[in-house]
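# Structural description and commentary
Here is what each chain is made of, one letter per residue.
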Amino acid sequence: MTTIIDDLKKNKILGLLKNEKRIDSRGFLEPRSMTIDIDVIQKANGSARIELGNTSVIAGVKIQPDKPFPDLGDKGIFICTAEILPLAHPDIEPGPPGEDVIELARVVDRGIRETSMLDLSKLVLEKNKSVIGIFVDNSITNCDGNLFDACSYASTAAILSSNLPTWKLENEQPVLVEDQESIIPITTIPVSVTMGILNDYIVVDPNADEWECMDARITMITNSDGNICALQKGGSGSVTYDQLKECSQIAISIGPKIRKILKQYQIDN
Amino acid sequence: MKTDMQLLNNDGIRCDGRKIDELRKITIKAGILKNANGSAYIEFGNNKILVGVFGPRDVHPKHLSDTNTGILRCRYHMSPFSVTERKNPAPSRREIEISKVIKEALQPSVILKKFPRTVVDVFVEVLQADGGSRCAALNAASIALADAGIPMKDMVSACAAGKIADTIVLDVNNEEDQAGQADMPVGYMPNLDKITLLQLDGILTTQEYEKCIDVAIQGCKIVYEIQKKALIDKFFKCDIK
Amino acid sequence: MENDKRVYVTPGDVITTGPYRADQNVICQNNKIISTVVGISEIYDNNVKVIPLSGIYMPKVNDLIIGKVISHISLSWELDINSCYSGFLPAHDVFGRDFSAHSDELSSRLNIGDLVTAKIANFDKNRDPLITIADRDLGKINSGELVEISPSKVPRLIGKRGTMIQTIESATHASIIIGQNGWLIVSCKNQKLLSKTIDAIKMIETQSHVADLTDKVKSKLESDVGE
C-alpha cells in the first residue's frame, strides 16, 4: 500500500516536529486514544474491537482441537493472522495477502509467542496426537496507520477475554464437554509499542500521515516483567544505536500503561 | 437423521420466539467507514456485516474496463471467526458464488452509464454469520451504494422466506435453514416492483412457491423502510446543537 | 422548510407524477419522476431535480480544481483530481511548445506529492481529463493546507453569489481556494484561525441540508471569535 501524501502536509508534519509538535497535537511519546469493546462476536470464543485513533480492528479467537505440529507434540497450537479488509482503505486490493500484511501478522504473532503469553504446554489433550489450537484472526476495518499495535492490542484483549472450552478424548477423538469452560493459561501480557523515526525524531504510534513520512519504524514488544521479547525494524531508512536505546526506554515506560488497560479484559478464575 | 427440533409450536411460534410473518431484529447504520466512499453496517438477527463501497474509480486491471459504461464488482467475504468452525481466510466457492449473486442483484438498480471506464467496488465483510447473510449483505450493500452517491433507479431490499414444519414463514434463521424444508432468498426493488435476486434450496409445490415469493416481498417492503431510515438518519439528522 | 416543494429523498422515491422534465439526478419512468440519489428534491417551472448530498466529482471543462501529482512519465504528469478519472497534465503545458523530452526534466517543475491549482482544459468520456496550469493564478501551490469535503457540497460552501464563503473569509481572514472537486486550499495567519476556518467548512459540509445555514455559520464564527 503506497499512499502519496501531499507535499504541504508532509512539510507541515516535518516542520512541526522541530517545535516538538505533532500534526494531531499529541506529544511525541503519546499514543492515540484507544477504545476497546470485547465480546463483539458471539460466535467466537473471544473477540475484541479496538479503535486506536481512526485505525480499527476486530480480532476473533477460535479455539478448537487440532493435530500438533510434528516437532512440537507436547504443545498446543497458536496461530495469528491478519487481513486488511479491502473496505479499510481505497488502496487495498482484495486477494492473497501481500508482504506487508504477512509481516504485520508475523510481528503480532511473534509478540504473543515470544513473550510466552499462552502456556501452550497446558493445551495438550494427548501428547503427539491431539492438542488444542488457539487461532486469532485480525480483520482490519479501517486504516489510519500503526496496524501493528492495533492488531497486537486487539489480539491480546481477545485472548484475555476468551473462555477455554473443555474436550475429552473418546476413542482418541476429542469430544466437546458442554458447559464446561475454564480460563486460558496466561503467563504474561505482551505490549507492543511502535515508534516512527522521522528526520531523527522518534514518535510513538504514528498515524497514517506520519507513517507516510517516516524513514524507519521500530516495533518493540515487552512482557509484564518489562523485558524486551520481540522486535521488528521496518521501513527503508536506518536507525542508530542511540536511537535504539531511546526506543527501548520508551517501550518499557509505555508498556505498563497499556498493559493496565488490556488487563481489565482478562477473565478472572 | 436430524433430531426432531420443534421449529414451530402449536401456537404458531418459532424456535426463536417469532411469529411466522415476523422478521428478526434489524439495525442498520449508514456511513460508518472513514476511508470508503460509502458504507453501511447491518445487524440482521445475529448477522453482523460491514459493507464498503469505493468508486466510481479507475479499473485495475485495465482490460476489465468498458468504454461504454462503469462496471460493478462485488466481494463477499467471511472473517475466519464469523462462523462456529473457524473458516479458512481464503475465499471459498460458496463466497465466490454469493459475491456473484449479490453483484447481479445490485446491477439492475445502479446507473453506471455516466461513468465509462470506471468500476464501483462493493466489499462485503461478514463479521458474524447467521442464516440469511446474503440478504443481510445485499441490504447493507444497497445502502452503502446510496451513501456513496452512486445513482440508482431504486434501492434493493432483501429477505428470505421458507418452509418449516410444512408452513411458509418469513426470514428463515440458521436453525430453520438447517432443519427446515426450504429457504428462498429474494432481493427486490420496492418502488419498481421487480425481483433482482432469487435462489431456492428445498422442495415447494407451485402454490407454496407463489406464497413464498409473496411473503418474501412483504418482508422486503418492511426492510426497505429500515433502509430508508438509515439513510435519512445519516444525511438529514445532524441538526445544529 | 423554506419551500414546501423541497423534500428529502432517497433513491427510488417518486418525487412527482405527470408531464415534468427530468433534470439532474432523476429519471422518468411511466410518467413518474424518480430520484436516483440521496438529496433534496426541487420542482421549479416544469423541471424536477435533486440536489445530491454525496457522490464523486465529475470533471467539467473550465472547472477550477486542486490536483495532486501522483506520477510522471516522459511526456506528462498524472494528477489525482479526486474524481473517477485521473487528470493528465502534458509536459508542453508547463514547458511550452519547445518542450524536449531529452533536455527538459519533468521533476524540475513538478514532483510527486505536489499540489496544483488547475483547470479542466478538455474532457470527453473516451479520454481522461486534460488539465492545464497555464493561466494566471494556476500552478504549483506553495503554502496553505489541503482540506477535503464532499464535492457535492461545494456549491453550498460557496453559497448564493458567494455569500457563504465570504462570511468565513471575513470572519477569520482566511484565503480559501475552492476546487470544484471538493479539495480546498486554506491559508490563515495562524493555527488557531486555521482550525476555526476548517471547523466552519466542516460544519457546512455536515449540515448542508439545513435551512438558514449562512446565518448559523455566521453566529458560530462570531461566538468562536468572541472566545
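One can find the structure itself at the top, above this paragraph.
Not measured: the values here are computed from a predicted model. (Residues numbered from 1 in each chain as written. Chains lettered and ligands numbered in written order. Predicted model: local features only at pLDDT ≥ 70, side-chain atom pairs only at ≥ 80, totals over all residues. Heavy atoms only, no water.)

## Focus: the pattern of salt bridges
If you walk through the whole model with that rule in mind, you get 38 salt bridges over all chains. A salt bridge links A:Arg49 to A:Asp37, with the shortest nitrogen-to-oxygen separation between them at 3.4 Å. Here A:Asp37 lies in strand 1 (residues 34–38) and A:Arg49 lies in strand 2 (residues 46–52), a separation of 12 residues in the sequence. With relative accessibility at 36%, the residue A:Asp37 sits in the partly exposed group. Among the salt bridges present, the one from B:Lys237 reaches B:Asp233, with a minimum N-O distance of 3.4 Å. Under the relative-accessibility criterion, B:Lys237 is labelled exposed at 52%. Through salt bridges with shared partners, one network takes in A:Arg22, A:Asp24, A:Arg26, A:Arg32, A:Asp144, A:Asp205 and A:Glu210. (Salt bridge = Lys/Arg side-chain N within 4 Å of Asp/Glu carboxyl O. Helix = DSSP H or I, 4+ residues; strand = E, 2+ residues; numbered from the N terminus. Buried < 20%, exposed > 50% of the residue type's maximum accessible area, 1.4 Å probe, protein only.)

## Re helix 3 (residues 163–172) of chain C
By the burial criterion, the buried members of helix 3 of chain C are C:Met164, C:Ile165, C:Thr167, C:Ile168 and C:Thr172. Across the axial projection of helix 3 of chain C, the buried residues extend over an arc of 155°, all falling on one side. (Arc of directions from axis to C-beta.)

## Digging into the interface of chain A and chain C
Of the residues lining the interface, six residues belong to chain A; the matching set on chain C comes to 16 residues. Our count for the contact surface shared by chain A and chain C stands at one salt bridge. Looking at the side of chain A that touches chain C residue by residue, the classes come out as three nonpolar, no polar and three charged. (Contact = heavy atoms within 4.5 Å. Nonpolar A, V, L, I, M, F, W, Y, C, P; charged D, E, K, R; others polar.)

## Some points on the interface of chain C and chain B
Where the parts come together, the accessible area they lose is often given as the size of the interface. Counting from both sides, the interface comprises 35 residues of chain C and, opposite them, 33 residues of chain B. Roughly 2500 Å² of surface becomes buried between chain C and chain B when both sides are summed, with 59% attributable to carbon and sulfur atoms. Summed over the shared surface of chain C and chain B, the result is two salt bridges. Close ionic contact of B:Lys228 with C:Asp13 constitutes a salt bridge, the shortest N to O distance being 2.6 Å. (Buried area = accessible area lost by both parts, 1.4 Å probe.)

## Describing the sheet that holds strand 14 (residues 145–148) of chain C
All names here are of chain C. Across the sheet, which stays open at both edges, the three strands sit in the order 14-16-15 with antiparallel pairing between neighbours. Both outer strands of the open sheet, strand 14 and strand 15 (175–178), are each paired with one neighbouring strand and no more. With direction set aside, neighbouring strand axes in the sheet form an average angle of 25°. The sheet contact formed by strand 14 and strand 16 (residues 183–187) spans four bridges and is antiparallel. Bridge assignment links Leu-146 to a residue of strand 16, and that residue is Ile-185. Along the sheet, helix 4 (residues 191–206) makes contact with strand 14, strand 15 and strand 16, crossing strand 14 at roughly 20°. (Pairing = 2+ DSSP bridges. Axes fitted to C-alpha atoms, helices over the stretch in contact; angles between N-to-C directions.)

None of the figures reported here should be taken as evidence of function without further support.
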